[in-house]
Amino acid sequence: GGEGAGDEAMAEIAVNPTSFATTLEGGEQVITVTSNGSWTVSCDQADVTVEPLTGNGNGQVTITVPAAAAREFKVVFDAQKQTTIPALGTSTTTTAKAEVTVSQNEGGVNQSNFLYYEDCGDDIEKNEV
């Protein structure tokens, strides 16, 4: 079921999990990628290894984080797909993006579950206009 959209479908990409944590000693995490196009992976941390860096359709990516000081960073997945627009009779490249947030810290605590900024005092409850 659900097939038949053919080339009219826009690029889509999703990753699972969307965040994970590792200790200062490092670790690795397998990310499941669901996409209808081809995709590339990038990370601004030079020492982090992502394997593979490109894929097509659904797949799995292993993110390996080496031992390092505490940090938080993102691994970005960019998908693209040739999409035909019947009304125009032309094809265009559509893109989609997904991100995995990685927390590396002493306890291996997933920071993306905490919204620090929300709890910084009682100023938030000011509804008087």
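Residues numbered from 1 in each chain as written. Predicted model: local features only at pLDDT ≥ 70, side-chain atom pairs only at ≥ 80, totals over all residues. Heavy atoms only, no water.

Caption draft 1: Structural context of the side chain of Asn105. Tracing the backbone shows Asn105 in the segment after β9 (90–104). On the accessibility criterion, Asn105 (8% relative accessible area) is buried. Residue contacts for Asn105: discarding those within four places in its chain leaves Thr22, Thr23, Leu24, Ala70 and Gln111. (Helix = DSSP H or I, 4+ residues; strand = E, 2+ residues; numbered from the N terminus. Buried < 20%, exposed > 50% of the residue type's maximum accessible area, 1.4 Å probe, protein only. Contact = heavy atoms within 4.5 Å.)

Caption draft 2: Main features of the nonpolar core. If you look at the biggest cluster of nonpolar residues, it comprises 21 residues, and the most contacted ones within it are Ile13, Val61, Ile63, Val75, Phe77 and Val100. Of all the elements in the fold, those that place two or more residues in this core are β1 (13–16), β3 (27–35), β4 (38–43), β7 (59–65), β8 (71–85) and β9. (Core = buried A, V, L, I, M, F, W, Y, C linked by side-chain atoms within 4.5 Å.)

Caption draft 3: Expanded view of the sheet that holds β7. Here we have 4 strands laid out as an open sheet, ordered β1-β3-β7-β5, and antiparallel in their pairing. Each end of this open sheet is capped by a strand with a single partner; those strands are β1 and β5 (49–51). Pairwise comparison of adjacent strand axes, ignoring direction, gives a mean angle of 25° for this sheet. Relative to β7, β3 is paired through 7 bridges, and the arrangement is antiparallel. Across the sheet, residue Thr32 finds its bridge partner in β7, namely Gln60. (Pairing = 2+ DSSP bridges. Axes fitted to C-alpha atoms, helices over the stretch in contact; angles between N-to-C directions.)

Caption draft 4: Molecular detail of the pairing of β7. Pairing geometry for β5 and β7, over 3 bridges, is antiparallel. Across the sheet, Glu51 pairs through a bridge with Thr62, a residue of β7.

Caption draft 5: Looking closely at the environment of Val48. For Val48, the location among the structural elements is in the loop between β4 and β5. Along the backbone, Val48 and Pro66 are 18 residues apart, and their C-alpha atoms lie at a distance of 6.6 Å.

Caption draft 6: Up close: the sheet that holds β4. Sheet architecture is open: 5 strands sit in the order β2-β9-β8-β4-β6, paired in mixed fashion. The open sheet has two edge strands, β2 (19–22) and β6 (54–56), and neither has a second partner. Geometrically, the sheet is characterised by an average inter-axis angle of 25° between neighbouring strands, direction not taken into account. Judged from the 6 bridges that link them, β4 and β8 form a sheet pairing that is antiparallel. For Trp39, the partnering residue across the bridge sits in β8 and is Ala79.

Caption draft 7: How the structure looks around the pattern of salt bridges. All chains considered together, the criterion is met by 3 salt bridges. Here Glu99 makes a salt bridge to Lys74, at a shortest N to O gap of 3.9 Å. With Glu99 in strand β9 and Lys74 in strand β8, the pair connects residues that are 25 residues apart, well separated along the chain. Accessibility expressed as a relative area gives 30% for Glu99, which makes it partly exposed. The exposure class of Lys74 is partly exposed, given its relative accessible area of 37%. For Lys97, the salt bridge goes to Glu99, with nearest N and O atoms at 3.8 Å. Because the salt bridges share partners, they merge into one network encompassing Lys74, Lys97 and Glu99. (Salt bridge = Lys/Arg side-chain N within 4 Å of Asp/Glu carboxyl O.)

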